[in-house]
Amino acid sequence: MRKTLYVFLGALFLFTSCKKEEQKLTIATAANMQFAMDSLVKNFELKTGIPCQTVIGSSGKLTAQITAGAPYDIFLAANMKYPNALFENGLTANKPKIYAHGKLVLWTLDANIKPSIDILNSQEINHIAMANPDTAPYGTAAMEVLNFYKLNETLKNKLVFGESIAQTNSFIHSQSAEIGFTSLSTIKAPKLVNKGTWIEIDTRFYKPIEQGIVLLKNHNKDAQQFYDFLFTEEARQILTHFGYE
């Protein structure tokens, strides 16, 4: 009898744990939003009591995962291209909506380097980090900047591509690359705000980085609350703090 009771209690605990895990909101987030998302999730959880977990990656890679059936509830991309593709393929519960505009910066942690477009072609720079333009919108924007200055061919042997902005940041932070293109939100992060030097790239030199959000088809019932929260004044202030428009 006692053994049966232990087995029952063990099964009940396992069921409760699984049930609790199922109720957690899973948010797929483009890597440029990593630090802002930490703050957004913290405020949302305090306000609603709804637990969240985030999956960070490049917008292209996350889109591939969603297409393959990854059980995410919400997708925050770094552009509108990928959410629109999911919408057109019937994988979303609503039409994508722009929640922010991102900005591109040129960042270095080398104290001897003053970031500028001109310095990229100098002998001081051997490696320039940027996100993969095929899967990461900030990488696409960085390549557009190089094309504007007609430097894409000149600098092609110096370019080091990160899978996402997160990996690109690690190249710059470790100084594996002397300099690199990243998101303004990165250098606004609390742990990075006073590290290195950077310049903001003029938005005339790359297409607007329109970042989109979409609810995925079989989303958790609480996903709508996070979606709505992202368009509140509280969330807007957080996004503004991290350099988004």
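Residues numbered from 1 in each chain as written. Predicted model: local features only at pLDDT ≥ 70, side-chain atom pairs only at ≥ 80, totals over all residues. Heavy atoms only, no water.

## Points about the overall build of the protein chain
Moving on, step 1. For the protein chain, the helix and strand inventory stands at nine helices and 10 strands.
Moving on, step 2. Considered along the principal axes of its C-alpha atoms, the protein chain spans approximately 80 × 40 × 35 Å.
Moving on, step 3. Looking at the protein chain as a whole, 47% of its 245 residues are labelled buried.
Moving on, step 4. One way to put it: in the protein chain the 24 positive side-chain charges average out to a point 6 Å from where the 22 negative ones average out. (Helix = DSSP H or I, 4+ residues; strand = E, 2+ residues; numbered from the N terminus. Buried < 20%, exposed > 50% of the residue type's maximum accessible area, 1.4 Å probe, protein only. Lys, Arg positive; Asp, Glu negative; His and termini not counted. Charge placed at Lys NZ, Arg CZ, Asp CG, Glu CD.)

## A word on empty space enclosed by the protein
Moving on, step 1. As enumerated under the stated definition, the model contains one cavity of 30 Å³ or more in all.
Moving on, step 2. Of the volumes computed, that of the largest cavity is approximately 40 Å³.
Moving on, step 3. Lining of the largest cavity is provided by Ala30, Ala31, Asn32, Gly57, Ser58, Ser59, Ala78, Ala136, Pro137, Tyr138, Ser164 and Ile165. (1 Å grid on protein atoms, 1.4 Å probe; cavity = no way out; pocket = protein on both sides within 12 Å on 5 of 7 lines; lining within 4 Å. Points joined across faces, edges and corners; volume = space filled by probe spheres on them.)

## Some thoughts on the pattern of salt bridges
Should their charged atoms come close, side chains of opposite charge can pair.
Moving on, step 1. Summed over all chains, the structure comprises eight salt bridges.
Moving on, step 2. A salt bridge links Arg204 to Asp202; the shortest N-O distance between them is 2.9 Å.
Moving on, step 3. On the basis of relative accessibility, which here comes to 65%, the residue Arg204 falls in the exposed class.
Moving on, step 4. When salt bridges that share partners are traced, they join Lys103, Glu200 and Glu245 into one network. (Salt bridge = Lys/Arg side-chain N within 4 Å of Asp/Glu carboxyl O.)

## Focus: the sheet that holds strand E5 (residues 104–108)
Moving on, step 1. An order of E7-E6-E8-E5-E9 is seen for the five strands of this open sheet, with the pairing classed as mixed. The two strands at the open ends of the sheet, each matched to only one other strand, are strand E7 (159–162) and strand E9 (197–200). Adjacent strand axes in the sheet meet at a mean angle of 30 degrees, parallel and antiparallel pairs treated alike.
Moving on, step 2. One ladder, built from four bridges, connects E5 with strand E8 (residues 179–183); its direction is antiparallel. Counted as the bridge partner of Trp107 is Gly180 from E8.
Moving on, step 3. Its contacts with the sheet place helix H6 (residues 165–173) against E5, strand E6 (128–131), E7 and E8, and it is angled at close to 145 degrees to E8. (Pairing = 2+ DSSP bridges. Axes fitted to C-alpha atoms, helices over the stretch in contact; angles between N-to-C directions. Contact = heavy atoms within 4.5 Å.)

## What about the nonpolar core?
Moving on, step 1. Formed by 68 residues in total, the largest nonpolar core has its most connected members in Leu76, Phe181 and Phe226.
Moving on, step 2. Look past the residues within four positions of Leu76 in its chain and what remains in contact with it is Ile27, Ala28, Thr29, Ala30, Met33, Met37, Tyr99, Gly212, Ile213, Phe226 and Leu230.
Moving on, step 3. Grouped together as the second largest cluster of nonpolar side chains are 10 residues, Ile66, Tyr72, Val214 and Leu216 included. (Core = buried A, V, L, I, M, F, W, Y, C linked by side-chain atoms within 4.5 Å.)

## Here's the deal with helix H5 (residues 137–148)
Moving on, step 1. Helix length check: H5, at 12 residues, gives a terminal C-alpha distance of 16 Å against a target of 16 Å (1.5 Å per residue), a fit within 8%.
Moving on, step 2. Among all positions in H5, only Pro137, Tyr138, Gly139, Ala141, Ala142, Met143, Val145 and Leu146 are buried.
Moving on, step 3. One or two positions beyond H5, positive phi appears at Lys150, with a value near 55 degrees. (Expected span 1.5 Å × (residues − 1).)

## Focus on the sheet that holds strand E2 (residues 52–57)
Moving on, step 1. Judged by pairing direction, the sheet is mixed, and its five strands sit side by side in the order E2-E1-E3-E10-E4 without closing on themselves. Strands at the two margins of the open sheet, each flanked by one partner only, are E2 and strand E4 (97–102). Recorded for the sheet is a direction-independent mean angle of 20 degrees between the axes of neighbouring strands.
Moving on, step 2. Direction of pairing for strand E1 (residues 25–30) relative to strand E3 (residues 74–76): parallel, over a ladder of three bridges. Bridge pairing links Thr29 to Leu76 in E3.

## Here's the deal with the side chain of Ser58
Moving on, step 1. The topology assignment puts Ser58 in the loop between E2 and helix H3 (59–67).
Moving on, step 2. Here the side chain of Ser58 touches Lys61 through a polar contact of 3.1 Å, landing on its backbone nitrogen.
Moving on, step 3. When near neighbours in sequence (up to four residues on either side) are disregarded, Ser58 contacts Thr135, Ala136, Glu163 and Ser164. (Polar contact = N/O pair within 3.5 Å; in protein donor to acceptor, adjacent residues only side chain to side chain.)

## Digging into helix H2 (residues 34–48)
Moving on, step 1. With 15 residues, H2 ought to run about 21 Å at 1.5 Å a step, and its terminal C-alpha atoms sit 21 Å apart, in line with that.
Moving on, step 2. Turning to H2, its buried residues number three or more, namely Phe35, Ala36, Met37, Leu40, Val41 and Phe44.
Moving on, step 3. Among the structural elements, E1, E2, E3, helix H7 (184–187), helix H8 (223–229) and helix H9 (233–241) are those in contact with the buried residues of H2.
Moving on, step 4. One or two steps after H2, the chain reaches Gly49, where phi turns positive at roughly 80 degrees.

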